[in-house]
Amino acid sequence: ISSDKLSQNTVISLTEDKNKNLWIGTFGGGLIRYDYRKNESQHFFSDPLNKNSLGDNDVLSLCTDRSGIIWAGSHLGAGVTKIQINNAKFNLVKHNPSKQNSLNDNVVWAIYKDKQNKLWIGTYKGGINKYDLTANKFSFIRKSATDKSISSNHIRCIKEDNFGNLWVGTYDGGLNIINKYSNEISVYKSNPNEPNSIGSNQVQDILVESDSVYWIG
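Just so we're clear, the structure is a prediction, and the values are computed from it rather than from any experiment. (Residues numbered from 1 in each chain as written. Predicted model: local features only at pLDDT ≥ 70, side-chain atom pairs only at ≥ 80, totals over all residues. Heavy atoms only, no water.)

Undergrad: Explain the nonpolar core to me, please; I cannot follow it from the model alone.
TA: Nonpolar side chains in soluble globular proteins tend to be buried together. Cys63, Ile69, Trp71, Val80, Val93, Leu103, Val108, Ile111, Leu119, Ile121, Tyr131 and Phe138 together form the largest nonpolar core, which totals 12 residues. Sequence-distant contacts of Ile111, defined by excluding residues within four places in its chain, comprise Ser61, Leu62, Cys63, Trp71, Ala72, Gly73, Val80, Leu119, Trp120 and Ile121. (Core = buried A, V, L, I, M, F, W, Y, C linked by side-chain atoms within 4.5 Å. Buried < 20%, exposed > 50% of the residue type's maximum accessible area, 1.4 Å probe, protein only. Contact = heavy atoms within 4.5 Å.)

Undergrad: How should I be thinking about the sheet that holds strand β4 (residues 40-44) in this particular structure?
TA: Taking strand neighbours across the sheet as the criterion, the four strands line up as β1-β2-β3-β4 in an open arrangement whose pairing is antiparallel. The sheet is open, and its two edges are formed by β1 (11-16) and β4, each paired on a single side. Going across the sheet, the axis of each strand differs from the next one's by a mean of 20°, ignoring polarity. Note: strand β3 (residues 31-35) against β4, five bridges, orientation antiparallel. Looking at β4, one finds that Arg33 is bridged to Gln42. (Pairing = 2+ DSSP bridges. Helix = DSSP H or I, 4+ residues; strand = E, 2+ residues; numbered from the N terminus. Axes fitted to C-alpha atoms, helices over the stretch in contact; angles between N-to-C directions.)

Undergrad: Looking at this structure, I do not really get the packing of aromatic side chains. What am I missing?
TA: Given two aromatic rings, one states the distance between the centres and the angle between the planes to describe the pair. Inspection of every chain in the model, using the stated rule, returns five aromatic pairs. Ring centres 5.7 Å apart and planes at 85° place the aromatic pair Trp71 and Tyr131 in the edge-to-face group. Of this pair, Trp71 sits in strand β6 (residues 70-74) while Tyr131 sits in strand β11 (residues 128-132), placing them 60 residues apart in sequence. As far as burial versus exposure is concerned, Trp71 and Tyr131 are alike and both buried. With a centroid separation of 4.0 Å and an interplanar angle of 20°, the aromatic rings of Trp167 and Tyr214 are classed as stacked. On the criterion of sequence distance, the pair formed by Trp167 in strand β14 (residues 165-170) and Tyr214 in strand β18 (residues 214-216) is long-range, its members being 47 residues apart. With a relative accessible area of 10%, Trp167 lands in the buried category. (Phe/Tyr/Trp six-rings, centres within 6.5 Å; stacked < 30°, edge-to-face > 60°.)

Undergrad: What is the right way to look at the layout of surface pockets in this model?
TA: The method is simple in principle: a probe with the dimensions of a water molecule rolls over the atoms, and the space it marks as empty is what remains. Empty space within the largest pocket amounts to approximately 530 Å³. Residue lining of the largest pocket: 21 residues in total, with Leu14, Ser61, Leu62, Ile111 and Lys159 positioned closest to the centre. For the lining of the largest pocket, the secondary-structure elements that each account for two or more residues are β1, β5 (59-64), β9 (108-113) and β13 (155-160). Classifying every residue of the lining of the largest pocket by side-chain character gives 12 nonpolar, five polar and four charged. (1 Å grid on protein atoms, 1.4 Å probe; cavity = no way out; pocket = protein on both sides within 12 Å on 5 of 7 lines; lining within 4 Å. Points joined across faces, edges and corners; volume = space filled by probe spheres on them. Nonpolar A, V, L, I, M, F, W, Y, C, P; charged D, E, K, R; others polar.)

Note that every value here comes from positions in space, so none of it alone points to a role or purpose.
Structure representation (structure tokens):
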């Protein structure tokens with residue numbers, strides 16, 4: 001994609017919609033919908049005076065759910081923007097102090113849709129928010145004093161393997177593997193005395209290549 005099609009050259013996130021258009025999240029340049037067949041792009045920006053606009057121009061994460069809705073995670077406390085692509089309607093999903101089951105952190109680094117069409121939202125300080133789209137409620141997986149919790153509340157990436165486990169990369173707590181059905185959590189951290197440990201406790205991305213091959217960056 002040529003630079004004239006981008007509002008900002010720093011690309012942070014990508015997703016594809018049901019019409020095979022590419023959505024590009026930038027750092028500071030809002031959101032771009034790119035039709036590669038026509039080589040045309042449409043830009044969406046945050047407008048504080050317009051409630052039907054993107055929540056923030058820093059789009060850290062993007063995800064398309066089964067119904068075709070796109071979810072965009074923000075950087076500067078705008079939570080998640082829910083985007084209905086057919087009519088370009090934007091709705092904000094944010095932390096609400098008066099609601100116990102609302103999003104618990106408005107900085108969102110990762111959004112992943114699992115095979116059951118549940119959204120798993122990785123935040124800056126709130127750990128993992130599991131969003132039940134049908135019930136419109138959140139539940140949470142956070143770091144606690146017990147050994148059975150996740151290792152950090154700063155989540156950078158979430159992926160799912162073929163066995164229903166979530167692979168969760170953190171900013172400072174290594175890799176967490178969560179069994180969605182038993183809620184069992186395994187934590188893997190870098191250890192200089194163990195040559196077979198992961199290389200760093202900062203995990204930015206994960207690629208599931210097969211049932212037995214995983215790439216961790």
